[in-house]
Structure formats: structure tokens, C-alpha cells
Amino acid sequence: MNGVADNHGSKNSLAKMKNQSFLNRVSLGIVTSLELVFYKYGCAIARRPAMFILLCIVVTAAFSVGLMKFTMEERPFKLWIPQDSDFIKVMEWQKANYPPQFRVHAAIYEAENVLNKTVLLEMLRVHEAVANAKTEKATWPSVCAKMPSITDSYFTRKRRRRASKKRTDVSSETGLSDVTDVLGELPQARFKRDGDEEGGVDWSVVLNRDYYCSVLQDMKQECIEHSILEIWGYDYHYINSLETQDIIDDVNEIETSFVYGFPTNFTEYLGKIERDNSGRVVKAGASKQMWITHINLSAVAVGDFVDDTGTGMEVDTASFEWEKELITAVLNETQRPAGVSVYLMAASSFGMISGDTIIGDAQFLGIGFCVVFIYIQVMLGKFNLVEQRPFLSLMGLSCVGMSIFVSYGICSMLGEPFGPVNNVLPFLLLGLGIDDMFVIMQAWNNLSDAEKKLELPQRLGCALKHAGVSITVTSLTDFAAFAIGSGTVLPALKSFCIYAAVGIAAVYFFQATFFVAWFALDQRRLEDKRNGLFWCWKHKNWTPNLCSQRDLCQTFFSDVYAKVLFKLPVKITVLVLTVGLFGVSCWGLTTLRQEFNPIWFLPQSSYLFKFFMKQEYYYPTSGESGVIYFGNINYTEELPKLDALMVAMRESEFISEVSSWYLKYKHYWNKQGYDILNATEQNMEFPDQLSQFLHSPSGSPYRVRNFLFNGTLNCTDPAPPVLASSVEYKHRLLSGSREKIAGMDEIKDIIRAMNFSGYVQSYSRAYSGWETDKIIEVELYRNMGLAMVVVFLVTLLLIANLPASMMVLFCVLLTLVDVGALMSWWGLTIDTVSCIDIVLAIGLCVDYAAHVAHAFMIQVGSRNQRARKAVATIGPAVLNGGFSTFLAFVFLANSDSHVFITFFKIFFGVVLYGLFHGLVFLPVLLSLIGPAPYPSATQDVHHLHDSHPHQEEHVARDTPLCQDLSPTSPEANMKDEVYPGPALVKFSQAKWGAGSCHGVCTVMYRICRTTPQKQMFTCGKGSGGPGMTGIEQQQ
């Protein structure tokens, strides 16, 4: 007997609904609205797939126009350093006020013992090759930096070879007698001799100033090249006549460069030195050779320059092109003897190599696409001629390509530069796009028997209705994570997050539109029994073979995994394993170091990376060099502060050496009886004293390198006003980022304490990494915290259940801890790249857990039953998505790029631990303490049970589109119909018109009976008539 439920029952149920939590009501509204939207959207696409395909193509083409403004940013200081940092500010000041004029190029020679003739002759060969290197506009003499050289007659070979020769014979051997002869005839400068004079007699003090300046002006200018070959003056015949013992003796005894005449410690060019009991050098494993080139600032001023991305310098084009010839000459191994290796660092090498490497490694993207295509084809299609889906697989991958164009186009249009880390974005979008594709296909495969009988538009609408919420949860959480990351102060991280956020939104749109449209066409083709590869070929009387109808992955999850996982011993094992893994990972996380080094961005197979590794091995005691810039200060008034600064730097525990013009200047004039700190003397004589000092042997090295004058500096005149000057220093070898940061901060504090009136700041190339180290940890935890909060809120909003959202967040935390430990064990550190990948990992590992949690919430039954159903229905899609993501980037393991290697290692951990926590731990946790299902899936009609105790009654929701499935006449309502969808507690009413639906299409609810075998709702005959409003009930 049929009847309409009484008003008392309806009011009672509505009252119960009102008493539910606000979150449950939000859940009902969000889920219902999303499902309604996706159902309509799926139906619309299935009816007009060509229109939506064309729409996607037009959207891609429109946004691709932005690629016309595409710019790549490869300058390290524009990528890895906060743009408001002290390093950037000092570099900008230097570029505007004290532009660098010199570039250093170095080579390291490695052999069993470099103190032998074979190695020296190879160094000499390279010396000649560099000297002969030329381009159309430049030669070595035209680009080299030059310095005065005392003529060969001043230091003959006899004096060099015999250090034991008494200096009393020097004048007769060197031809200095004619100089000493005139000393009595010329007025001498006032000077004071003491016992600590360096390098013998200082002729700038001995000789009359005018005469000395005339001699200095006539001195020959030599190109600056430093190596132990200076001992023998690059004389091939003489070097070829040396025995090994002669070489060792000269290295230990000669203290003056035969080329330049300045005192030189040649052992500083040697690495891995071995000494005998008396301290003499007897063997060395490496020798260094350096070339100094000069930047033509006049050419730079007129715009004839190249922006060297590695150093940030503006280099005149001629010099920059010549450096390429230098690289070719030094690395040419055609005549290199066996047992000798050469490693080179040219000033332009870093910029050339770092950019080319990441672009070159993009080849792995193509390999990844091919492998993933094969995997998708295997998983989406079936092994027969009709049900294979190669074209659909290709269109699914095309969504990733279209997303890349849209992302790059929009970001370029907005003026956002493309950084090297952004090259991993295609791999990210490939993984996320595949995940969405598998979820949509899994929803299609999970359609109920009743849904499979519907027309194609309704079927596709139902599939997208079920999958849409799930992919929206994951895509929105990923988008939110990267949107938060875009607020970072690190330019490379900001750029990547912006590109990624736009790309994720694009791939979400294309998978829900472009892929679904092609799926509609492909399904029509399949139902028409046309060939999967050649659509025009129709198979007659075709039936699929039984083997092709077996879905091994689905069978495994449904019949094996979902049954075994929820046995009590297995649950205990999973919980113990998870706790143990978490404990070990917490320990591993404590060993994770924070360190950033731009050298890591070089490929390990590159000549420049090998140079840095050899330099670290052979010259480990040399710390990082730095410089203090002085601008717009009153030197005559602030010399006491400068003196105090030098004292404080020498006393610093972080400074090993100070190379200061001021210290030499002070010593130079103290020897002559002047107290430069005496205010009465320094005010009047400082410019003149500075000029004399800078033209002396002890001051000459500082003349060009450490001063910038407002005018021309002449030997016989007082120095013009000083626009800028610098003092160089060297840190001791510092270990660990914390010690490096402390050393950098102490130098800044010392300078700040001096309270100079003008501009005084410290600068070092190493500070670029140290300043990043200083903030990277804070940035990482800030971005992680904000990303997780936003991800949690988005998950809570869409899953709409607090306990379930907390469990998803818990799985994310466990995954991140495990990944952090894996980073430490795998040799990674906290740097800019790993920071990016960890933020990225938050979004990715949310996907695995969120899919399972959402699937759990829409199931009914006991916790065990619901967890088993969730794993059986969504497990294959999650596993396929995770494994295909792994396939997409697995080939990056062979990359030379630090960016790609880091990406591979971190994502390997994310996929491994994310799948474990999403498919193993979370289902077990849900089976134990999982929350109640959605209100739309709850059995809560107690008053009906009281009225009809022998019936199992529910409130079930019909499909949301009345124009498609609603009865259009009373007669149509008199037959049994099957309607898919979860049950709802809320009673709603659908107004029936006379044979048609009225007004806004509302969701209809009926009291129905669950068919246990099919997990669907079977609604009985109703008693409504035209114009009636009521709730049907089956007896």
C-alpha cells in the first residue's frame, strides 16, 4: 500500500536537519552545488564536444600571445637573493659608483707532482696559447690588465738561480750602479730606515720624486698573469734545462717575480704541498695559473657591452668574446701530456654553463611524456581493437602542453620573468594532469548499473559529478599552496609559484573540459565499435575478448588489497610501521642542514664544477674573500676611524687576512717619520702623501684596484678627490651556514660601530649565498605554515568535515617529516630549490590523502565497510596518478642539473611516502576513528522506522536535472525507477506541474529503500498527482 508521508513526519525531519552542525549544512550546500554544476557541465560537454574543444584551443592561442614578452632570468643575484638584501644594495651601489674593472680567470694544473719539467712546459704551452688567442676585435694585449714591470736587467737570471749570492753583488750584476751614482747628485726624500723593510730598498723614498716619477713612467707595462712560471720569466729554453731539484730549489728560495719585480710568495700558487723536516717544499699536487683582464668602461658607457649573467658585470663585447677564445685555448687537450689535468674557471663560465644545462636537460621532459603516454594507454584502454584509447591518451597529455602555453603566456604577459627552476613545471603539470585524468576515468568506471543505462550525456554528467569534487579539492589545494608561496622574498621561488599556480588552474580547466570533450567523442566511437586507432574503421559483429575485460588493478584493490588491509593484525602492523617510520624520520630531520651554494647549479660534468671541486680539495685553507667599499667620506677627518676599523678586523675571529691600502700607507709614512693620525699634518698633506704612496712599490698594487678618483692621478701631483676606495679582507675557512652568517654579520656590525659619515659597506660574492641562508629557513617554515593552513582550510571547505580534514593534514605532516629525513640522508640541504620543492610537495601529497578521505565520506556502512569501499573505488586512480607522476620525472635521476636532481629526490620521497600515508595509513586510521559520512549519506529517518518497523527506509536524492530524468507526467511516476546518488537526511520537496517541471529545477528527494546488493536506491510507485507536492514512500 502506497501513501504520502504525513506532515508531522516531514516537520520532524526538517527539525532534525536544523539541529545539525553548521559545517554539515555547509557540506551539504557545497557538495550539492558542486555536483550540480559538474553534472550540468559534463552533460553540456557531451552534447557539444567540438564546441568545447574549439573553446580550449582558442583560449590557449589567446593566452599564448603573451609569450611575445617571454623573458628568461639567469642572473644568480636576481634569482636566489632577496632584492631588498644588503648584498643587492651594495652591488647596485658598486655598479653605479665603483664599477668593477677587472675579471679574473684561473686554471688549476693537477699531477702527481707539479714541480717537474713536464708540468711546467704544459703550463708554458697554455701560457703561449692564451697569449696568441684573438678575435676580430681583441687580442690578449688589448684585453689584459697591465702593471709596471721592472726591466729584466734589474734582476738577472744569475741572481734568481742563486739565492745564496750576497746582495752586495747585486748592483754590479743588475746594472744599478748608474742609479746609485746619481744618488749623490739628486736631493733625496726624507725617509727613516728600520729593520723590517720589505723587498729591499724602496726607491720612491730614496730617489728624488721627479726623477723617480720619470723612471716610473718609462717602466714597461706587462699583462698581468700569475703563476710559478714568473720565477723563470716564461723562458722556454731555460725551463727546459731545469732538473726537478732545480725547480724545487727555486720555488723555495726565489721570493721576487722575475716578470714584475715585486716580492711574491710562490708557494701560494701550489696546492696539496708536502714538506720535508726542515719545512722546505718538496712536492705539490696542484699549481694555479691566473689571467687578469680589463673591462673597457668606455665601450660599456656607449652601450657596447654584454650583461654577464654569472657575475652580474657589464663587460665590453670585445673582452667577452675574447674570453670564449681563452676557454677554448686552455681546455684544448690535443697536446696535453699524460698524467696532467687542467681545470678552468673563466669569469664568464658560470653564466654560460648554468643556463645551457637546465635548458639541455629539458630533453628528459620528452622522454617522460613518451613513457607516461604508454602507461596511460595501458591503464585507460583495454587490449583489443575497439576499447584501446591511444588518441584519448594523447589528448590527455595535450592538456598538459596547453596548460604550459597558458601558464607561460599569462605570466609573461604580466611581466614575470622565467627562472631556471621553472623548467620543472612541465613535470609538475604532467603529474597533476595525469592524476586528474585517472580520477575522471575511475569515476566513469565506477558508475552504477543504473547510471550505465543512461544516455551518454547523462552518463558523462554523472561521472564528472562524482570526479569533479575530488579534482576540485586537489587542484584548489595545490593552487592555494603556490599562491601562498608567491609571497616569498626569494625571486626564484616567487616566479615558480606564480607560474605553477596559473599552470595548475589551467590544467584543471583543460582536463575537465578538453579531455572530457575528447572522451565523449572517443566513447561514441567505442560504442559504435570503431577501431581505437583508425576511427573510420568500423568492426562488425565485434565482441571483446575476455582477457581484455579484466582490470587487474581494480581487481587487486577490490578483491585483495581492500580485504587484507583491514584485518586486525594488518592494521596493527601498519600503525606500528607508521609510528616507527615517523620516529626514525624525526631523528633524520634533525640532521638536515641549511646551506645554499650557487655552484650547485652547475652540472657536475662541467669543467667549471670540476674546477671548484679541485679548488676546494687543493686549496682548502683559503676562506672567502670580501671587500669594504668607502664612498663620499672625508679621509682626512676619518682616518682615525679607518685605523680603528682595521684594528677591529684584525682582531675578529672570523677574519684571517686584511689586505688594506691604509695599513701599507700608514707603514710607508711611519718609516719616514710621519704620524698620519696627527691632525695638523694629515689635513694639509693627505692628497700629496696618498699620491706618493700609490706610486711607490708598496702602494702600486692598490692604485688602480682600490681607488677611483675624480680626475687623473699623476705621480708628481697631489691626488685628486677620492670618489671611492676599497679595502680587501679574507675570512678564515668557515664551516656551516650558521658560522658563515655569524662571520658576515660581525663584519657588518664592526663597520656600523665605526659610525662613518659617508657610505661604508662590506661586500663579498659569497654573501649572496650567506644572505640567502640567513632567511631561507624562515622563508621555508613561513611558506610551509601558511601553505598548510590554507590547504587545510580549502580541504575543510570542500571535504566539509573537520575530523576528515585533520586526518588529511596529519598525513601531509607525516609525509613532510619523512621527506625531510630522506633529504638529509640523500645529501640534500635546505636551499632555494628544495624550499620550492617542499612547498610543491605539500600540494602533491594532499592529493593522495584528500581523494581517499573524500571517497570515505560519501560511503555508508560501518567504518570498516566505508574504508574498504573507499580504497576499492578510488585506490586505482590514486595509485595510477602517483605511479605515472613517478614515471614522469624518474629520468631526471640522470640529470646534471642540481634543480632537476633535487626535484627527483624530493618527489621520489613525496610519491613514496604520500602513497603510503594515503593508501595504507589513512584508510586504516579512517577504519578506526573515521568520522560519520556526509549528511547526504546518513541513514536518519527514525520516525519512518517507528511507523514501518519491517522496512529499511532512507531519504534518497534523485538526479539533479529534472528536465533529463524527472517524470514528465503522473503516469511516468507510477513505475519503479532507479536513481543513483547518496542518501540525504534533509527532506526537500519537488513541485510537480501538470506533466512537466516548473520554474527552477530543484533537487528532489524521496523516501526509498536501499538495495543491499547494488548499493543504490530503488524508489517505489508514488501517489502524487498533477500539481501535488509530497514525499513518496514505498511500503
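Residues numbered from 1 in each chain as written. Predicted model: local features only at pLDDT ≥ 70, side-chain atom pairs only at ≥ 80, totals over all residues. Heavy atoms only, no water.

### Notes on the overall build of the protein chain
When you go through the protein chain residue by residue, the secondary structure sums to 37 helices and 20 strands. Looking at the protein chain as a whole, 55% of its 1035 residues are labelled buried. Intrachain contacts of the protein chain at a sequence separation of at least 6 include 77% that bridge at least 24 residues. (Helix = DSSP H or I, 4+ residues; strand = E, 2+ residues; numbered from the N terminus. Buried < 20%, exposed > 50% of the residue type's maximum accessible area, 1.4 Å probe, protein only. Contact = heavy atoms within 4.5 Å.)

### So, the side chain of Ser85
By secondary structure assignment, the location of Ser85 is in the loop between α3 (49-64) and α4 (86-97). Note on Ser85: relative accessible area 6%, which makes it buried. In this structure the side chain of Ser85 is engaged in a polar contact, spanning 2.8 Å, whose partner is the backbone oxygen of Pro82. (Polar contact = N/O pair within 3.5 Å; in protein donor to acceptor, adjacent residues only side chain to side chain.)

### Topic: the packing of α3 against helix α22 (residues 491-527)
Orientation of α3 relative to α22, taken along the N-to-C sense of each, is 145°, at an axis distance of 9 Å. The two elements α3 and α22 meet at a crossing, and its hand is left-handed. Side by side, α3 and α22 meet where Pro49, Phe52, Ile53, Cys56, Ile57 and Thr60 of the first sit next to Phe509, Phe510, Thr513, Phe514, Ala517, Trp518, Ala520, Leu521 and Arg524 of the second. Residues belonging to the contact of α3 with α22 are distributed by class as follows: 12 nonpolar, two polar and one charged. (Axes fitted to C-alpha atoms, helices over the stretch in contact; angles between N-to-C directions. Left-handed = near helix turned anticlockwise from the far one by under 90°. Nonpolar A, V, L, I, M, F, W, Y, C, P; charged D, E, K, R; others polar.)

### Comments concerning the nonpolar core
Counting 162 residues, the largest nonpolar core has Leu428, Phe482, Phe496 and Phe514 as its most contacted members. If near-sequence neighbours (up to four positions away) are discounted, Phe514 is found in contact with Ile53, Cys56, Ile57, Met395, Ser398, Cys399, Met402 and Phe509. (Core = buried A, V, L, I, M, F, W, Y, C linked by side-chain atoms within 4.5 Å.)

### Some thoughts on the packing of helix α18 (residues 390-413) against α22
Closest axis-to-axis distance for the α18/α22 pair is 7 Å, and the angle between their directions is 150°. It follows from the interaxial angle that α18 and α22 lie roughly antiparallel. As α18 runs across α22, the sense of the crossing is right-handed. Of the residues that constitute the contact of α18 with α22, the class distribution is 19 nonpolar, seven polar and one charged. (Parallel < 35°, antiparallel > 145°, perpendicular 65-115°, else oblique.)

### Re the side chain of Ser737
Position of Ser737 among the secondary structure elements: in helix α30 (residues 737-754). Ser737 sits in the buried class, given a relative accessible area of 10%. A polar contact is formed between the side chain of Ser737 and the backbone oxygen of Gln594, at a distance of 2.7 Å. If we ignore the near neighbours within four places in the chain, the residues touching Ser737 are Gln594 and Asp773.

### What to know about the pattern of salt bridges
Summed over all chains, the structure comprises 28 salt bridges. Its salt-bridge partner being Asp688, residue Arg209 comes within 2.8 Å of it at the nearest N-O pair. Of the two residues, Arg209 is situated in helix α11 (residues 209-218) and Asp688 in helix α28 (residues 679-694); the sequence distance between them amounts to 479 residues. Residue Asp688 is classed as partly exposed on the basis of its relative accessible area of 24%. Two residues, Glu595 and Arg593, come together in a salt bridge whose shortest N-O distance is 2.3 Å. Given a relative accessible area of 18%, Glu595 falls into the buried group. Residue class for Arg593 comes out partly exposed when judged on its relative accessible area of 45%. (Salt bridge = Lys/Arg side-chain N within 4 Å of Asp/Glu carboxyl O.)

### Focus on the environment of Asp249
Within the secondary structure layout, Asp249 lies in helix α13 (residues 244-253). Remark: the alpha-carbon pair of Asp249 and Arg280, spanning 31 residues in sequence, is separated by 8.8 Å.

### Observations regarding the packing of aromatic side chains
The full count for this structure, using the stated rule, is 48 aromatic pairs. Note on Phe391 and Trp518: the rings are 5.1 Å apart at their centroids and 70° apart in plane angle, and the pair reads as edge-to-face. Of this pair, Phe391 sits in helix α18 while Trp518 sits in helix α22, placing them 127 residues apart in sequence. Overall, Trp518 belongs to the buried group, its relative accessible area being 17%. Aromatic pair Phe611 and Phe612: ring centres 5.7 Å apart, planes at 75°, arrangement edge-to-face. (Phe/Tyr/Trp six-rings, centres within 6.5 Å; stacked < 30°, edge-to-face > 60°.)

### What to know about the environment of Met147
Of note, Met147 is situated in strand β2 (residues 146-149). Counting along the chain gives 73 residues from Met147 to Lys220, while the straight-line C-alpha distance between them is 8.3 Å. Discounting residues that sit within four places of it in the chain, Met147 has contacts with Lys220, Gln221, Glu222, Ile224, Tyr260 and Phe262.

### Concerning the confidence of the model for the protein chain
The predicted model of the protein chain averages 79 in pLDDT, with 80% of residues at 70 or higher. Here residues 939-1035 is a poorly scored stretch, pLDDT under 50, and it has 204 contacts once near neighbours within four places are set aside; other chains count. (pLDDT = per-residue confidence, 0-100.)

### A word on unusual backbone geometry
The backbone phi angle of Lys272 is positive, close to 55°, even though this residue is not glycine. Looking at the element boundaries, Lys272 is found in the loop between β5 (270-271) and β6 (274-275). The residue Lys529 is not glycine, and still its phi comes out positive at about 60°. Tracing the sequence through the fold places Lys529 in the loop between α22 and α23 (552-564).

### Observations concerning the state of the cysteines
Counted by the stated rule, this structure contains two disulfides. Two residues share a disulfide in this structure: Cys144 and Cys223, whose sulfurs sit 1.9 Å from each other. One disulfide, between Cys144 and Cys223, carries an S-S torsion of -50° and so falls in the left-handed class. In this pair, Cys144 is assigned in the loop between α6 (140-143) and β2 and Cys223 in strand β3 (residues 220-223), connecting sequence segments 79 residues apart. On the basis of relative accessibility, which here comes to 16%, the residue Cys223 falls in the buried class. The disulfide bridge from Cys213 ends at Cys715, spanning 1.9 Å between sulfur atoms. One quick way to see it: the torsion about the S-S bond of Cys213 and Cys715 is about -70°, and its sign makes the bridge left-handed. (Disulfide = S-S within 2.5 Å.)

### Regarding α23
Taking the largest bend as the criterion, α23 deviates by roughly 30°, centred on Ser558. Cys553, Gln554, Phe557, Tyr561 and Ala562 are the residues of α23 that are buried. (Bend = angle between axes of the 7 residues up to and from the residue.)

### A word on the pairing of strand β1 (residues 102-110)
For β1, the tally of buried residues reaches seven of nine residues, placing the bulk of the element in the interior. Summarising the sheet, β1 and strand β11 (residues 341-345) pair through five bridges and their orientation is antiparallel. The residue of β11 that forms the bridge with Ala107 is Leu344. (Pairing = 2+ DSSP bridges.)

### Side note on the environment of Ser805
Note that Ser805 resides in helix α32 (residues 802-825). Leave out the neighbours within four places in its chain, and Ser805 touches Phe792, Thr795, Leu796 and Ile799. A distance of 2.8 Å separates a polar side-chain atom of Ser805 from the backbone oxygen of Asn801.

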